[in-house]
Amino acid sequence: MPAEIGTTLSSTGKTSPYPQYVEARLGFRNHWYPTLFSDELGEGEFKAFPILGDRLLLARVDGRVHAVRDRCLHHGVAFSRKIECYKKGTVSCWYHGFTFNLQTGVLCDIIANPRSNMIGRLRIDTFPVIESKGLIFVFMGDAEPPSLADDVPPTFLDEDIYVRGRRTEVQANWRIGCENGFDSTHIFIHKDSVLVKGNDLILPLGLVPTGKDAFEIVDEASGPKGVYDKLFEHCEPVFEGKIEGETVAHGNLGTTPVAYNISIWLPGVLRVTPWPGPTMTQYEWYVPIDENRHYYTQTIGKKIEQESDKSDFGRDFDNKWNEMALQGFNNDDIWAREAQQEYYRYDEAWTEEHLYEADRNISVWRQLAAKRNRGIQKREHIMKIGRPVE
Amino acid sequence: MPAEIGTTLSSTGKTSPYPQYVEARLGFRNHWYPTLFSDELGEGEFKAFPILGDRLLLARVDGRVHAVRDRCLHHGVAFSRKIECYKKGTVSCWYHGFTFNLQTGVLCDIIANPRSNMIGRLRIDTFPVIESKGLIFVFMGDAEPPSLADDVPPTFLDEDIYVRGRRTEVQANWRIGCENGFDSTHIFIHKDSVLVKGNDLILPLGLVPTGKDAFEIVDEASGPKGVYDKLFEHCEPVFEGKIEGETVAHGNLGTTPVAYNISIWLPGVLRVTPWPGPTMTQYEWYVPIDENRHYYTQTIGKKIEQESDKSDFGRDFDNKWNEMALQGFNNDDIWAREAQQEYYRYDEAWTEEHLYEADRNISVWRQLAAKRNRGIQKREHIMKIGRPVE
Amino acid sequence: MPAEIGTTLSSTGKTSPYPQYVEARLGFRNHWYPTLFSDELGEGEFKAFPILGDRLLLARVDGRVHAVRDRCLHHGVAFSRKIECYKKGTVSCWYHGFTFNLQTGVLCDIIANPRSNMIGRLRIDTFPVIESKGLIFVFMGDAEPPSLADDVPPTFLDEDIYVRGRRTEVQANWRIGCENGFDSTHIFIHKDSVLVKGNDLILPLGLVPTGKDAFEIVDEASGPKGVYDKLFEHCEPVFEGKIEGETVAHGNLGTTPVAYNISIWLPGVLRVTPWPGPTMTQYEWYVPIDENRHYYTQTIGKKIEQESDKSDFGRDFDNKWNEMALQGFNNDDIWAREAQQEYYRYDEAWTEEHLYEADRNISVWRQLAAKRNRGIQKREHIMKIGRPVE
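Below or above, wherever it landed, is the structure these notes cover. Note that this is a predicted model, so its numbers are computed, not measured. (Residues numbered from 1 in each chain as written. Chains lettered and ligands numbered in written order. Predicted model: local features only at pLDDT ≥ 70, side-chain atom pairs only at ≥ 80, totals over all residues. Heavy atoms only, no water.)

## With respect to the interface of chain A and chain C
Interfaces are often described in size by the accessible area the parts lose on coming together. Listed as interface residues are 45 residues of chain A and, on the opposing side, 43 residues of chain C. With both sides pooled, the region where chain A packs onto chain C buries about 3900 Å², and carbon together with sulfur makes up 56% of that total. Taken together, the links from chain A to chain C amount to 8 salt bridges. Where chain A touches chain C, the interface holds 17 residue pairs in polar contact (both at pLDDT 80 or more). Those elements that provide at least two residues to the side of chain A that touches chain C are β14 (206–209), β17 (235–238), β18 (240–243), β19 (246–250), α6 (331–344) and α7 (349–352) of chain A. The biggest single contributor to the side of chain A that touches chain C is α6 of chain A, with 7 residues. (Contact = heavy atoms within 4.5 Å. Buried area = accessible area lost by both parts, 1.4 Å probe. Salt bridge = Lys/Arg side-chain N within 4 Å of Asp/Glu carboxyl O. Polar contact = N/O pair within 3.5 Å; in protein donor to acceptor, adjacent residues only side chain to side chain. Helix = DSSP H or I, 4+ residues; strand = E, 2+ residues; numbered from the N terminus.)

## A word on the pattern of salt bridges
Side chains that carry opposite charge are capable of pairing whenever their charged atoms lie near each other. Per the counting criterion, the structure on display carries 93 salt bridges over all chains. Its salt-bridge partner being Asp-318 of chain B, residue Arg-164 of chain B comes within 2.9 Å of it at the nearest N-O pair. Taken together, the residues Arg-164 of chain B in strand β12 (residues 161–170) and Asp-318 of chain B in helix α5 (residues 307–329) connect sequence positions 154 residues apart. You can call Asp-318 of chain B partly exposed: its relative accessible area is 45%. Arg-366 of chain C is paired through a salt bridge with Glu-179 of chain C; the nearest N and O atoms lie 2.8 Å apart. Here Arg-366 of chain C is found in helix α8 (residues 360–372), whereas its partner Glu-179 of chain C is found in helix α2 (residues 174–182), with 187 residues between them in sequence. In this pair, the class of Arg-366 of chain C matches that of Glu-179 of chain C, namely buried. A network of salt bridges, in which partner residues are shared, links Arg-55, Asp-70 and Arg-71 of chain A together with Glu-342 of chain B. (Buried < 20%, exposed > 50% of the residue type's maximum accessible area, 1.4 Å probe, protein only.)

## Section: the sheet that holds strand β4 (residues 64–69) of chain A
All names here are of chain A. Pairing is antiparallel across the open sheet formed by 4 strands, whose spatial order is β2-β3-β4-β9. The sheet terminates laterally at β2 (46–51) and β9 (126–127), the two strands that pair on one side only. Two strands pair when backbone bridges link them, and β4 and β9 are joined in this way by 2 bridges, in the antiparallel orientation. When the sheet's bridge partners are listed, Ala-67 is paired in β9 with Phe-127. (Pairing = 2+ DSSP bridges.)

## Observations concerning the relation of the copies chain A and chain B
For the pair chain A and chain B, the superposition axis carries a translation of 0.0 Å, the fit reaches an RMSD of 0.1 Å, and the rotation angle comes to 120 degrees. Here the copies are linked by what is in effect a three-fold axis. (Least-squares fit on C-alpha atoms with pLDDT ≥ 70 in both.)

## Regarding the packing of α5 of chain B against helix α6 (residues 331–344) of chain B
Residue and element names in this part refer to chain B. In the contact formed by α5 and α6, the axes pass within 4 Å of each other and the chain directions differ by 15 degrees. Judged by the angle between their axes, α5 and α6 are roughly parallel. On the side of α5, the interface is formed by Leu-326, Gln-327, Gly-328 and Phe-329, while α6 contributes Asn-331, Asp-332 and Asp-333. (Axes fitted to C-alpha atoms, helices over the stretch in contact; angles between N-to-C directions. Parallel < 35°, antiparallel > 145°, perpendicular 65-115°, else oblique.)

## Description of helix α5 (residues 307–329) of chain A
An α-helical segment advances 3.6 residues per turn. Residues three or four places apart therefore align on the same side. Residues and elements named next belong to chain A. Between its terminal C-alpha atoms α5 stretches only 29 Å, short of the 33 Å expected from 23 residues at 1.5 Å a residue. Residue Trp-321 marks the point of greatest curvature in α5, where the axis turns by about 60 degrees. Buried within α5 are the following residues: Phe-313, Gly-314, Phe-317, Trp-321, Asn-322, Ala-325, Leu-326 and Phe-329. Its buried side turned inward, α5 meets β12 (161–170), α3 (194–198), β23 (280–290), β24 (293–303) and α6. (Expected span 1.5 Å × (residues − 1). Bend = angle between axes of the 7 residues up to and from the residue.)

## Considerations on the interface of chain A and chain B
With 43 residues of chain A at the contact, the number on the chain B side is 46 residues. Considering only the side of chain A, the residues that lose the most area to chain B are His-75, Tyr-95 and Met-383 of chain A, jointly responsible for 18% of the buried surface there. Connecting chain A to chain B are 8 salt bridges. One salt bridge connects Arg-55 of chain A with Glu-342 of chain B, and the closest N-O pair in it is separated by 3.7 Å. Linking chain A to chain B there are 17 residue pairs in polar contact (both at pLDDT 80 or more).

## Quick notes on the packing of aromatic side chains
Summed over the entire model, instances satisfying the criterion amount to 66 aromatic pairs over all chains. Geometrically, the ring pair formed by Phe-137 of chain C and Phe-156 of chain C is edge-to-face, given 6.1 Å between the ring centres and 75 degrees between the ring planes. Taken together, the residues Phe-137 of chain C in strand β11 (residues 135–140) and Phe-156 of chain C in the loop between β11 and β12 (161–170) connect sequence positions 19 residues apart. In terms of burial, Phe-137 of chain C and Phe-156 of chain C fall into one category: buried. One aromatic cluster is present, formed by Tyr-18, Tyr-21, Phe-28, Trp-174, Tyr-343, Tyr-344, Trp-350 and Trp-365 of chain A through successive ring pairs. Sitting over the ring of Tyr-295 of chain B, Arg-167 of chain B keeps its end group 5.2 Å from the ring centre. The lysine or arginine in question, Lys-230 of chain C, covers the ring of Tyr-228 of chain C, its NZ or CZ lying 5.6 Å from the ring centre. (Phe/Tyr/Trp six-rings, centres within 6.5 Å; stacked < 30°, edge-to-face > 60°. Lys NZ or Arg CZ within 6 Å of the ring centre and 35° of its normal.)

## Thoughts on the pairing of strand β16 (residues 226–229) of chain B
All names here are of chain B. Burial of the side chains of β16 extends over both faces: Gly-226 and Tyr-228 are buried on one face and Val-227 and Asp-229 on the other. Of the strand pairs in this sheet, strand β15 (residues 215–218) and β16 are connected by 4 bridges, and their pairing is antiparallel. Among the inter-strand pairings, Ile-217 is bridged to a residue of β16, identified as Val-227. Strand direction decides the pairing type here: β16 and strand β21 (residues 261–265), joined by 4 bridges, are antiparallel. Across the sheet, the residue bridging to Val-227 is Ile-264, located in β21.

## A short note on the side chain of Asp-151 of chain C
Residue and element names in this part refer to chain C. Along the chain, the position of Asp-151 falls in the loop between β11 and β12. Among the residues examined, Asp-151 registers a relative accessible area of 1% and is labelled buried. Residues in contact with Asp-151, not counting those within four places in the same chain, are His-31, Trp-32, Leu-266, Pro-267, Val-269, Trp-285 and Arg-374.

## Focus: the pairing of strand β6 (residues 98–101) of chain A
All names here are of chain A. With 3 bridges joining them, strand β5 (residues 90–92) and β6 adopt antiparallel strand pairing. When the sheet's bridge partners are listed, Thr-90 is paired in β6 with Asn-101. Connecting β5 to the next strand, β6, in antiparallel fashion are 5 residues, including Gly-97 with a positive phi near 75 degrees. Pairing of β6 with strand β7 (residues 107–110), which is carried by 3 bridges, proceeds in the antiparallel orientation. Its bridge partner being in β7, Phe-98 is matched across the sheet by Ile-110. Count of turn residues in the β6/β7 antiparallel hairpin: 5 residues, of which Gly-105 carries a positive phi of about 80 degrees.

## Comments concerning helix α2 (residues 174–182) of chain A
With 9 of its 9 residues buried, α2 of chain A lies for the most part within the structure. Restricting attention to buried positions, one finds in α2 of chain A the residues Trp-174, Arg-175, Ile-176, Gly-177, Cys-178, Glu-179, Asn-180, Gly-181 and Phe-182 of chain A.

## Digging into a negative patch on the surface
A surface patch of like charges, here negative, comprises Asp-158, Glu-159, Asp-160 and Glu-305 of chain A. Structurally, the position occupied by Glu-159 of chain A is in the loop between β11 (135–140) and β12. (Patch = residues over 30% accessible without salt bridge, like charges linked within 9 Å, V, L, I, M, F, W, Y side chains within 5 Å. Areas by Shrake-Rupley, 256 points an atom, 1.4 Å probe, with all protein chains shown as cover. Lys, Arg positive; Asp, Glu negative; His and termini not counted. Charge placed at Lys NZ, Arg CZ, Asp CG, Glu CD.)

## Some remarks on the side chain of Ser-363 of chain A
Looking at where Ser-363 of chain A falls in the secondary structure, it is placed in helix α8 (residues 360–372). Other than its neighbours up to four places away in sequence, Ser-363 of chain A contacts Tyr-18 and Leu-355 of chain A.

## Some thoughts on the environment of Glu-357 of chain A
Following the sequence through the fold, Glu-357 of chain A ends up in the loop between α7 and α8. In this view, Glu-357 of chain A contacts Pro-209 of chain A together with Asn-113, Ser-116, Asn-117 and Met-118 of chain C; residues no more than four positions away in its chain are not counted. One polar contact links Glu-357 of chain A to Ser-116 of chain C, side chain to side chain, over a distance of 2.6 Å. Polar contacts involving the side chain of Glu-357 of chain A include one to the main-chain amide nitrogen of Asn-117 of chain C, which spans 2.6 Å.

## A few points about the sheet that holds β21 of chain B
Residues and elements named next belong to chain B. Across the sheet, which stays open at both edges, the 7 strands sit in the order β12-β24-β23-β22-β21-β16-β15 with antiparallel pairing between neighbours. Each edge of the open sheet carries a strand with a single partner, namely β12 and β15. Direction aside, neighbouring strands of the sheet carry axes that sit 15 degrees apart on average. Relative to strand β22 (residues 269–273), β21 runs antiparallel, the two being bridged by 5 bridges. Directly across from Ile-262, in β22, lies its bridge partner Val-272. Packing of helix α2 (residues 174–182) onto the sheet brings it into contact with β16, β21, β22, β23 (280–290) and β24 (293–303), and relative to β23 it is tilted by some 160 degrees.

Laid out in structure tokens, this is it:
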């Protein structure tokens, strides 16, 4: 449960053009989110995962992953404080032996009171799970889940894409994560990155919008909702940084063009292609933990043609990209988000900030997110710990 | 002063059938509470004791214990930050020498301003004190105190009962303490306790209510108010834990019956008899420190027939019961309460929880407590630091 | 940004006779405050300074100190998290290269987007700076600044006064600092100070108001606003501390009279003369950091007749007064303020406290401060991060 779930009343009286986005401190409900990596949850294992101000309990049974709320419906305690599993496919609360079917959430027995009328009549929340590309995706909500493909960036699920990744806890709201990633001119913070110089990448200091509009808003009835920012179709790169006419800094004029196609998708996932090198794509999620933290779940996908390509890329990932790109390069982003959080933990930040021309893509994202999210997570969703079995 | 004294507005819109109980985050006023053990306060010593969101200063003078609020009425500083006592029976504030009579609370002198008109006209709050059974009981309130016997469980004050005990700070609200103790089926958490196996106790995994009602509500005009839960008169023990028909766990089928008479009393004290062995009774208090903490004051009473029985029991207590029962066994309870607090620090917990049949005794206790408490402690009581001498 | 900027609603229903003073949790706006000592900011250096719930960035350029808000107007991040300065007289935000003129605050370039319309049209707040007596004074507000002489105690700016000092962070609200300093009878806490005994100072245990009124309220149209408390004209010293007629403590009956002229000035600065010895004056500021902390900026001024007097006093300061007076003696005050803060962090403290006759000067100060401050700092002032260039 987050330290402070609540409202911060505006002291300045301004209102936002995308109030649903400002309210979404705990994230959007009824979307698919990546949780653990598949290899973090072995057969028979249970693990807790904090998400959207709430807690999940993940368990793998006969290979299949189940996700339930990590709270007994009796007194709200977390099962994960002391896992007790007496029968495959169930979890028993350590407090009174309330036992739940992991697949249905139904209270199937109470060890300490086996004739209770509640047995079979109440259930805890269960969440749909799909394992794909080495990640355990969970549908965080109570609506009918759409296809996973509706909540991940295009190409991520392509059969010939092989994916590796890592997860880091970041001390900033998830929206700061999204905007830092999609922000086209934040490349300024990466100007001295070893990744850029070492791989001869083209990385300007910034981008000048030319006035031409090259966003592609994807907002069909089905499929993912997102925004493509084809940077180089509506921007000119800045390689010479100037202050009052004087040149003060230089971008990296390498020979390898990268990251010219950047897009962000509901519920908060970025695709950058090609990145971190010309034959890869980075897909990264900003998964809300609570109001002040998110999981930064970074993955790199690479098209493979034969089985041996997997181990080749696996080796490259372990030896190079994990450390140089996902850590070395992106650690600057983590640091920047944590610095930004100090101001944005007050709601006024969303109306007192001053976006500039190059932030047009961020406004477009906010509007789309405010309009197309499937629900806003609130404290009332977290406090509700049991439901009747219908 | 507690970190957060205030209200947590309900996000779910439900209201409680016992609102006074839900409001009593800081405990009930105008009741007797145990504070220090007598041997913790030597002659001439002063000690602070946090309680009900407030602070007491306890002092022993010529053998007698005095209790005043640990705040000077001038600027609210705690005397206990630097005790200055220049004359027996008084305490002087380290800041300006405001000097108070420990018995009456009257401002009897101000060293830095000896001709002040306030001298003799204002007082700090004093609290009635009774030392009994090795504990210093303080009446926390401003009403006329009833007899101590009205606020302790029956038999505790009996002349032939000898008492030993210990006190531990627990990171959970005091009500969680009460309910964990009185909860008949929480015995499930003790199933592997060394105390149980080592002493051949009968301890089932749970209890099945038979539908017969065997609570005895004690609610006379005088005397303590409480609820007896004679477990084995309305419950059948569960020794075989089953999930979907399959036996998964066993209770402890020892030969020594214990704990068949459990009762809880205002303002928050449990009696379990016999416990932890057939010739003893455990009396334990859950004393509110603030909204998120309580003192768990555990005592074991034993009937003695001659003086030498005291030292015999004292030896047993020191060598066995203190470590094996009050710590070994009850540490599981402490851990459970702290796990429960995470959810119950939000008021919604009290309406969103799902009590089951075996919790009937808890509902009865809540109703009695809501009805028969002598006042609810609030922040306004804590901020008030001085009164006119009448 | 402070942890909690907000309101604490009164639980007791009382209102204060000086509500502006009670509201001024974050201090008074539109006043001059000392920040760093001059020698803490070398040529070309940048340093952050937290003040009034806000953040300053101080920079010295060609000898002159500039002060701007330490927040980029784009996303509110602190420049000081990673100082980037590409051109003398400017600071560039590490995030997108927003570059500001340190003197005017104008956004003079954006490295990542050099053709933005925002360039030249928006500015961050700048604050007037005056360096004097080895301190960097900053005018914290947006009004037309008065003369520095209007916000410092008389004599502090005198040409023949040489000043040395130190700064300490204190965990108490700034008003507690002011009142502890001006409080005439708080001398009780210093009764055992080595400074007093070692220098044969006259320091009574307290003071008895004689009823004669000897406050001099200075409240002219121009010049500083403050209150002189000429202690010994309306008080008699107490050298014999008594409780119920019995002598229990003695003041220090030295031969060196000190501190007979004490005054406090807006926005929160005390002058004690002579102190800590017969030829010196102590000037000390209580500079709000946030609601719960202040900087205690202590200085000692000494009249000098020739240049060599400076190094003589400098040596005395380093060898004796810094350690014996500003630390040894005043550390008792720091400790007392921190003890007082526990109660005064609730607004009710200001109405539930009980002032006594010797606190008359404190009431006079509060009334003057409530009436003559130039504005109350609020959260809305802190959240506002950019303004149009007029």
